[in-house]
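# Summary of structural features
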Amino acid sequence: MVGFITSAVASERLEAIRQEIPPAVELLVVSKKQSPATLIPFIEAGQRLFGENRVQEALEKWPALRKRFPDCELHLIGRLQTNKVVQSLNVFDAIHSLDRVKLIEALVKHRRFFRPNFYLLIQVNFAGETQKGGVAPENLTSFIDLCNTQQLPIQGLMTLPPQDEDPKPYFEQLKALADKHNLPRISMGMSADYRQAITCGSTIVRLGTALFTDSL
Ligand SMILES: *Cc1c(COP(=O)(O)O)cnc(C)c1O
């Protein structure tokens, strides 16, 4: 049966991945495009941290899942439109994709909706890829200064390296920037490159395919 996963299988897959991840690194399971029926076995197997890339999809799936599993933690890993800020603050415990001044302004305006322990990561766009969000590295210092002036809870940086390139130099640059700005959380590494990302200092890896694909 396509897409049907038992708790035992979910448990095995999580265990196999966790063996490659040091205890200090968080495993964020990317649940985009996965149905609640697919996700529940992973929650029952002990996984609590999940990520979605679309606000609408998160709002459709997670309120019911949260009711049943209140200690799940949900992060937004995709682009956020300013007109969805309030809705997203309802459902997300952290946002990995803060990337522009307009979004800073919208978050400041609606800060009363922040969930307890809510935090933000700034997405960095190293290669100037216009199809991706992210602050250019040369603008990062002033962007962080602005966030600090507004007392936003910035805890780290996130990046998506260009596809078909060695991600290592990008991971190293993100780690260097996080250290420079004293930011403790570094969100980098997906199914294809999380081992490298961990070697370079990742503190949160975001995995989808590695957990949901049958052949793995
Ligand atoms: C989909 C997605 C991932 C997970 O990618 P996989 O290759 O399936 O592990 C990680 N980060 C972001 C931002 C994504 O959109």
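Look up a bit, the structure's there.
A short tour of the structure in this document, coming up. From a predicted model like this one, the values you see are computed outputs, not experimental measurements.

The residue Ala178 is located in helix H7 (residues 168–180) in this model. Residue Ala178 is classed as buried on the basis of its relative accessible area, which comes to 0%. Sequence separation of Ala178 and Ala127 is 51 residues, and the distance between their C-alpha atoms is 17 Å. What Ala178 contacts, discounting residues up to four positions off in sequence, is Leu157, Leu183 and Ile186.

Our next topic: the site of the ligand. Near the ligand, the surroundings consist of Val30, Lys32, Ile77, Leu160, Met190, Ser191, Arg206, Leu207, Gly208 and Thr209. The side chain of Ser191 places a nitrogen or oxygen atom 2.5 Å from an oxygen atom of the ligand. Thr209 is positioned such that a nitrogen or oxygen atom in its side chain is 2.5 Å from an oxygen atom of the ligand. Taking 380 Å² as the accessible area of the ligand by itself, protein coverage stands at 85%. Of the residues assigned to the shell around the ligand, the class counts are five nonpolar, three polar and two charged.

With that out of the way, let us pick up helix H3 (residues 55–68). For H3, spanning 14 residues, the distance from its first C-alpha to its last is 20 Å, which sits close to the expected 20 Å at 1.5 Å a residue. Of all the bends in H3, the largest measures some 40° and sits at Trp62, one to four residues before the proline Pro63. Inspection of H3 places Val55, Glu57, Ala58, Lys61, Trp62, Leu65 and Arg66 among the buried residues, and these make up the whole buried set.

This next bit is on the packing of helix H1 (residues 7–18) against helix H2 (residues 36–44). Where H1 contacts H2, the two axes come as close as 8 Å, and the packing angle between them is 65°. Crossing hand, H1 versus H2: right-handed. Packed against H1, whose contacting residues are Ser7, Ala10 and Leu14, the element H2 presents Pro41, Phe42 and Glu44 at the interface. Looking at the contact of H1 with H2, its residues break down into four nonpolar, one polar and one charged.

One can describe the packing of H2 onto H3 by two numbers: an axis separation of 12 Å at closest approach and a directional angle of 35°. Crossing of H2 over H3 shows right-handed handedness. Contact residues: Pro36, Leu39, Ile40, Ile43 and Glu44 in H2; Lys61, Trp62, Leu65 and Arg68 in H3. Split into classes, the residues belonging to the contact of H2 with H3 amount to six nonpolar, no polar and three charged.

This structure, assessed with the given rule, holds four aromatic pairs. Relative to Trp62, the ring of Phe50 lies with its centre 5.1 Å away and its plane at 45°, an arrangement referred to as tilted. With Phe50 in strand E2 (residues 49–52) and Trp62 in helix H3, the pair connects residues that are twelve residues apart, well separated along the chain. The two residues Phe50 and Trp62 agree in class, both being buried.

Moving on, we come to helix H5 (residues 101–109). Where H5 is concerned, the buried positions are Leu103, Ile104, Ala106, Leu107 and Val108. For H5, the secondary structure elements touched by its buried residues are helix H4 (85–91), strand E4 (94–98), strand E5 (119–124) and helix H6 (140–149).

Among the five residues that make up E4, five are buried, leaving the element largely enclosed by the rest of the structure. Handedness of the crossover joining strand E3 (residues 73–76) and E4 through H4: right-handed. Examined bridge by bridge, E4 and E5 share three bridges and lie parallel to one another. Looking at the pairing, Ala94 lines up with Tyr119 of E5. A crossover links E4 with its parallel partner E5, the connecting element being H5, and its sense is right-handed.

The rules behind each value
- Residues numbered from 1 in each chain as written.
- Predicted model: local features only at pLDDT ≥ 70, side-chain atom pairs only at ≥ 80, totals over all residues.
- Heavy atoms only, no water.
- Helix = DSSP H or I, 4+ residues; strand = E, 2+ residues; numbered from the N terminus.
- Buried < 20%, exposed > 50% of the residue type's maximum accessible area, 1.4 Å probe, protein only.
- Contact = heavy atoms within 4.5 Å.
- Near = heavy atom within 4 Å.
- Polar contact = N/O pair within 3.5 Å; in protein donor to acceptor, adjacent residues only side chain to side chain.
- Areas by Shrake-Rupley, 256 points an atom, 1.4 Å probe, with all protein chains shown as cover.
- Nonpolar A, V, L, I, M, F, W, Y, C, P; charged D, E, K, R; others polar.
- Expected span 1.5 Å × (residues − 1).
- Bend = angle between axes of the 7 residues up to and from the residue.
- Axes fitted to C-alpha atoms, helices over the stretch in contact; angles between N-to-C directions.
- Left-handed = near helix turned anticlockwise from the far one by under 90°.
- Phe/Tyr/Trp six-rings, centres within 6.5 Å; stacked < 30°, edge-to-face > 60°.
- Right-handed = clockwise from strand over helix to strand, strands pointing away.
- Pairing = 2+ DSSP bridges.

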